[in-house]
Amino acid sequence: MATAVGSVGADAGDSVGGGADSGTEYERAFDAAVAADERIEPRDWMPDAYRATLVRQIAQHAHSEIIGMQPEANWITRAPSLRRKAILMAKVQDEAGHGLYLYSAAETLGTGRDELLDKLHSGRQKYSSIFNYPTLTWADVGAIGWLVDGAAITNQVPLCRCSYGPYARAMVRICKEESFHQRQGYELLLALSRGTPEQHAMAQDAVDRWWWPSLMMFGPPDDESQHSAQSMAWKIKRHSNDELRQRFVDICVPQAESLGLTLPDPDLRWNEERGHHDFGPIDWTEFRNVLKGDGPCNEERLTRRRRAHEEGAWVRESAAAYAAKHTPGETGAIRA
Ligand code: BYC
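Reading the values: rules and limits
- Residues numbered from 1 in each chain as written.
- Predicted model: local features only at pLDDT ≥ 70, side-chain atom pairs only at ≥ 80, totals over all residues.
- Heavy atoms only, no water.
- Near = heavy atom within 4 Å.
- Polar contact = N/O pair within 3.5 Å; in protein donor to acceptor, adjacent residues only side chain to side chain.
- Areas by Shrake-Rupley, 256 points an atom, 1.4 Å probe, with all protein chains shown as cover.
- Helix = DSSP H or I, 4+ residues; strand = E, 2+ residues; numbered from the N terminus.
- Nonpolar A, V, L, I, M, F, W, Y, C, P; charged D, E, K, R; others polar.
- Axes fitted to C-alpha atoms, helices over the stretch in contact; angles between N-to-C directions.
- Contact = heavy atoms within 4.5 Å.
- Phe/Tyr/Trp six-rings, centres within 6.5 Å; stacked < 30°, edge-to-face > 60°.
- Lys NZ or Arg CZ within 6 Å of the ring centre and 35° of its normal.

An unreviewed UniProt entry annotates the chain as 1,2-phenylacetyl-CoA epoxidase subunit PaaA originating from Streptomyces pratens.

Dropping the structure here:
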């Protein structure tokens, strides 16, 4: 970050407090660093609202990664070959890893994982709407990879340039792994699409069910997005929800053609004047219902997550006991 603020450690930042003293030299230095495209780091001064926005978005993202493990894990035991099973297990493990990088990024802002998980489990924080849809057939694993990971990459590549350093750096690795995920989904769907008529129909059915929910992943339309303007001013988000949604549609149309599959939208067509594809209306009522908790799988996902957390309590306790035993005490000795 800018040298003017780089020297401001937590103590100085705390004493400024971030809210009451707006227009201070800290705030001016923060604004200048953001304007100059420099990274804000954990010990730099930052406005309280900037910190809260980051915690909110990073938490939503981390929760999405770990809840996102569930719909795919549903198919690990039924993957059609050992190769497919190994690939799917690696992918689901990657999602767990992404959750960990992101919870760690949130910790650098002073919010611990326990607090965030508690908010997820009590329904006070969100996770992506997409994971409230069921995975009914094996082709859904392909559609998730192609469309859901594809949408995630479109959304997340610009986050590699997010103004907050730890989040931006976590996103670099996550995006590399998501690219693999997207390709495995595409390759899986291609194999089905070129397979028997039944397999082709199964791939088409999966795309029909996942297309519209994938478009909802980008969030509400710009004129209803409450956080976009401020997040873009702070360079947390680099593009609006609608811009990224449009980019995703433009990427998917030729890929669907190569797959030999159709996107379920009769209004989808190239608009020469705009240089983009026009697409049909999104069902925002469905989106709002899913966010409210009334999607097809909301209850199932949260119940399973809470249960996994409770059943994993002994692992956390053992890890903490082990860490305490092996942490050097004041004398520097490791306790037996
Ligand atoms: N689902 O003002 P807005 C993945 C919420 S991929 C649920 O536009 P913002 C994965 C939003 O949080 C998915 N909630 O907000 C992929 C806000 O609620 P609060 C995760 C949504 O933050 C494959 C409210 O609606 N990726 O992990 O400017 C396999 C107002 O919206 C949704 C990310 O999260 C939604 N679709 O923009 C496994 C990327 N859309 O906080 C895993 C990072 C909106 O006021 N996140 N909301 O209660 C972002 O880029 C942004 O948070 C969003 C929303 C674009 C999602």
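Having put the structure on the table, let's press on.
**Details of the site of the ligand**
With respect to spatial proximity, 32 residues lie near the ligand, and among them Gln60, Lys126, Ser225, His227 and Lys237 are the closest. The backbone of Ser129 places a nitrogen or oxygen atom 2.8 Å from a nitrogen atom of the ligand. At 3.3 Å, a side-chain N or O of Gln156 approaches a nitrogen atom of the ligand. For the ligand, the accessible surface in isolation is 1,000 Å², of which the surrounding protein chains cover 93%. Secondary-structure elements contributing two or more residues to the shell around the ligand are helix 4 (48–67), helix 8 (139–156) and helix 13 (284–294). When its residues are assigned to classes, the shell around the ligand shows twelve nonpolar, 14 polar and six charged.

**A closer look at the packing of helix 9 (residues 165–193) against helix 12 (residues 241–259)**
Packing of helix 9 against helix 12 brings their axes to within 9 Å, and their N-to-C directions diverge by 35 degrees. For the pair formed by helix 9 and helix 12, the contact residues are Gln182, Tyr186, Leu189, Leu190 and Ser193 on the first element and Gln255, Ser258 and Leu259 on the second. Tallied by class, the residues present in the contact of helix 9 with helix 12 amount to four nonpolar, four polar and no charged.

**Looking at the side chain of His61**
The topology assignment puts His61 in helix 4. Apart from residues no more than four positions distant in its own chain, His61 is found in contact with Leu102, Gln156, Tyr167 and Met171.

**Points about the packing of aromatic side chains**
For the structure on display, the rule yields nine aromatic pairs. Members of the aromatic cluster, each reached through a chain of ring pairs, are Tyr26, Phe30, Trp45, Tyr50 and Trp234. Over the ring of Trp75 we find Arg78, and its NZ or CZ is 4.1 Å from the ring centre.

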